[in-house]
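The lines below spell out each chain.
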Amino acid sequence: MAESLFVDKSLSLDEQYENLLKQLKSLLVKEDNLLSNLSNFVASIKQTFSKVSWVGLYFLDGNNLYLGPFQGKIACTNIAFGEGVCGNSAKDKKIIIVPDISKFEGHIACDSGTKSEIVVPVFNEEKVFAVLDIDSLEYNSFDKTDAKYLENMCNFLSTFISNNTNKIL
Ligand code: SME
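A brief look at the structure comes next. This is a predicted model, so every value here is computed, not measured.

**Comments concerning the sheet that holds strand β6 (residues 127-136)**
Phase 1: A sheet is described by the order of its strands in space; here six strands give the open sequence β3-β2-β1-β6-β5-β4, paired in antiparallel fashion. Every interior strand has two partners, whereas the edge strands, β3 (78-80) and β4 (96-98), have only one. The average undirected angle you get between the axes of adjacent strands in this sheet is 25°.
Phase 2: Along the sheet face, helix α3 (residues 84-92) touches β1 (54-61), β2 (64-71), β3, β4, β5 (116-124) and β6 and points at about 35° away from the line of β5.

**Some details on the pairing of β1**
Phase 1: Buried residues dominate β1, accounting for six of its eight residues.
Phase 2: Where β1 lies against β6, six bridges are found, and the strand directions are antiparallel. Bridged to Trp54 within β6 is Asp135.
Phase 3: Relative to β2, β1 is paired through six bridges, and the arrangement is antiparallel. Counterpart to Val55 in the pairing with β2 is Gln71.
Phase 4: Connecting the antiparallel pair β1 and β2 is a turn made up of two residues, with Gly62 showing a positive phi of about 70°.

**A word on α3**
Phase 1: Counting buried positions along α3 gives seven out of nine residues, so the element sits mostly inside the fold.
Phase 2: Looking at α3, one finds that the buried residues are Gly84, Val85, Cys86, Gly87, Asn88, Ser89 and Ala90.
Phase 3: Among the structural elements, β1, β2, β3, β4, β5 and β6 are those in contact with the buried residues of α3.
Phase 4: Backbone geometry just downstream of α3 places Lys93 in the positive-phi region, at approximately 55°.

The rules behind the values
- Residues numbered from 1 in each chain as written.
- Predicted model: local features only at pLDDT ≥ 70, side-chain atom pairs only at ≥ 80, totals over all residues.
- Heavy atoms only, no water.
- Pairing = 2+ DSSP bridges.
- Helix = DSSP H or I, 4+ residues; strand = E, 2+ residues; numbered from the N terminus.
- Axes fitted to C-alpha atoms, helices over the stretch in contact; angles between N-to-C directions.
- Contact = heavy atoms within 4.5 Å.
- Buried < 20%, exposed > 50% of the residue type's maximum accessible area, 1.4 Å probe, protein only.

Following this line, the structure appears as structure tokens:
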């Protein structure tokens, strides 16, 4: 089914997120394959925000995070649990906002042009299923407003993820 996303970059940041979340509720379809929904989830963020240079999901499997659906330059495929921004977000089950990646010890730079980043855990019940990683080529691109709405979006995404019914393929 052809999909479309209405984007109005003249809106405030809050309004852009509210507009995106409202559309995600019809764009993502429970009957679809989980990978398809995850792919459109990521693509909708890239399509909406000019400040985003890279956005993707890393799936947690044992002690590693593996690259999933993403938009942007090619990226590292495997991140150790507890390493980098992604691995720490998964370990601590917390959102991490990095205003300047040069000041984040152990930052993993897939794109040398990245200046700031935000990582949000995606849960399957109480367990971390994945992390949503978003990069920007500008400093200070993400703040508490992004964190609030991205957490809401990831909580919505979690409703598509369950132990027994959704398979990635
Ligand atoms: N910067 C991330 C690694 C993923 S690439 O940016 C896509 C990190 O430090 O975990």
